[in-house]
Amino acid sequence: EIYTLSLHGALPIYAATMLAIMLVVFSFMWWITPDQALYVADSLYYVGSAQSLAQGQGYHCPMLIGNPANGFYPPLQSLYLSAAWLLNPVFPDNQIIIKALMLLLWSLAMAALFAVLRKGGLGRLAATTISLTVGTSAVWAYFVIHCFSDVLFSLLAFVATWLWIRPESQRLQTRIALTGIILALMYLTRIATFGFFPGAML
């Protein structure tokens with residue numbers, strides 16, 4: 001109740017801070033990450049399967065001989081990245097769009113991290129500092145550059161966490177339903193979601 005009242009009175013500042021975090025993280029990461037990346041390992045599956053989906057060939061791996069179905073990674077990351085081919089079907093010209101899509105996800109994740117920290121009781125300055133520090137981390141720049149699903153997975157995990165920290169007026173059934181939807185999306189992003197299921201059930 002205290003959180004709801006204090007947030008209601010400071011909603012414009014709260015929203016402006018989240019937007020500022022997104023803009024700083026997006027701008028900084030845009031500056032330090034290359035416009036064209038050399039995709040290796042996991043990236044080949046995410047990006048290659050995104051192209052396959054956008055071209056109507058199903059969830060396949062065009063970089064492997066025989067264009068086999070991608071049964072190694074869940075499809076949501078590739079489905080998201082397929083927007084790059086819908087906007088510009090020419091690769092590598094569309095790598096700038098892939099970069100923008102990944103940075104959008106990452107800046108949203110950092111805004112969600114800020115929301116989680118604030119709802120958990122951390123002060124505005126501390127929550128902003130942590131979100132910007134994580135958001136401009138060179139370690140996470142690697143995940144962004146290589147289109148790893150960890151970025152989307154983190155965003156979804158932060159949203160799920162936010163639902164359960166100091167629950168507001170949402171009914172328990174609503175929070176459970178929303179959590180189920182988020183967990184389903186997380187599972188479609190990374191099979192690491194299995195680690196979240198026991199906590200969700202508890």
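This write-up is about the structure you can find in this document. (Residues numbered from 1 in each chain as written. Predicted model: local features only at pLDDT ≥ 70, side-chain atom pairs only at ≥ 80, totals over all residues. Heavy atoms only, no water.)

**Notes on the overall build of the protein chain**
Helix and strand counts for the protein chain come out as 11 helices and zero strands. Each helix and strand of the protein chain, ordered N terminal to C terminal, gives the series α-α-α-α-α-α-α-α-α-α-α. In terms of C-alpha radius of gyration, the protein chain reaches 18 Å, essentially the compact-globule figure of 17 Å for 202 residues. Accessible surface, the protein chain as shown: approximately 10,600 Å² in total, 72% of it carbon and sulfur. Side chains of the protein chain carry 8 positive and 6 negative charges; the gap between the two charge centres is 14 Å. (Helix = DSSP H or I, 4+ residues; strand = E, 2+ residues; numbered from the N terminus. Rg over C-alpha atoms; globule rule 2.2 N^0.38 Å. Areas by Shrake-Rupley, 256 points an atom, 1.4 Å probe, with all protein chains shown as cover. Lys, Arg positive; Asp, Glu negative; His and termini not counted. Charge placed at Lys NZ, Arg CZ, Asp CG, Glu CD.)

**Points about the packing of aromatic side chains**
Evaluation of the coordinates by the stated rule reveals 14 aromatic pairs. Ring centres of Y39 and F91 lie 6.3 Å apart, and the angle between their planes is 35 degrees; this geometry places the pair in the tilted category. Highlighted residues: Y39 in the loop between α2 (11–32) and α3 (42–54) and F91 in the loop between α5 (83–87) and α6 (95–119), separated in sequence by 52 residues. The class for Y39 is buried, based on a relative accessible area of 11%. Owing to a relative accessible area of 38%, F91 belongs among the partly exposed residues under this scheme. One aromatic cluster is present, built from ring pairs that chain together W106, W140, Y142, F143 and F148. (Phe/Tyr/Trp six-rings, centres within 6.5 Å; stacked < 30°, edge-to-face > 60°. Buried < 20%, exposed > 50% of the residue type's maximum accessible area, 1.4 Å probe, protein only.)

**What to know about the pattern of salt bridges**
For the structure shown, the criterion picks out two salt bridges. For the salt bridge of D150 with R190, the shortest nitrogen-to-oxygen distance reads 3.2 Å. Of this pair, D150 sits in helix α9 (residues 150–164) while R190 sits in the loop between α10 (172–187) and α11 (197–201), and the two are 40 residues apart along the sequence. A relative accessible area of 18% means that D150 is categorised as buried. (Salt bridge = Lys/Arg side-chain N within 4 Å of Asp/Glu carboxyl O.)

**Comments concerning a nonpolar patch on the surface**
A surface patch of nonpolar side chains, about 620 Å² in accessible area, is lined by L178, I181, L185, Y187, L188, I191 and F194. Examined against the element boundaries, I191 turns out to sit in the loop between α10 and α11. (Patch = residues over 30% accessible without salt bridge, like charges linked within 9 Å, V, L, I, M, F, W, Y side chains within 5 Å.)

**What about the environment of L132?**
Position of L132 relative to the elements: it lies in helix α7 (residues 124–135). Classification of L132 by relative accessible area gives partly exposed; the value is 25%. Considering only alpha carbons, one finds L132 and V24, 108 residues apart in sequence, at a separation of 7.7 Å. Ignoring any residue separated from it by four or fewer positions in sequence, one finds L132 in contact with I21, V24 and V25. (Contact = heavy atoms within 4.5 Å.)

**So, the nonpolar core**
Counting 45 residues, the largest nonpolar core has L81, I98 and W106 as its most contacted members. Sorting the residues of this core by element identifies α2, α3, α4 (76–81), α5, α6, α8 (138–145), α9 and α10 as the ones contributing at least two each. With 14 residues, α6 is the largest single contributor of residues to this core. (Core = buried A, V, L, I, M, F, W, Y, C linked by side-chain atoms within 4.5 Å.)

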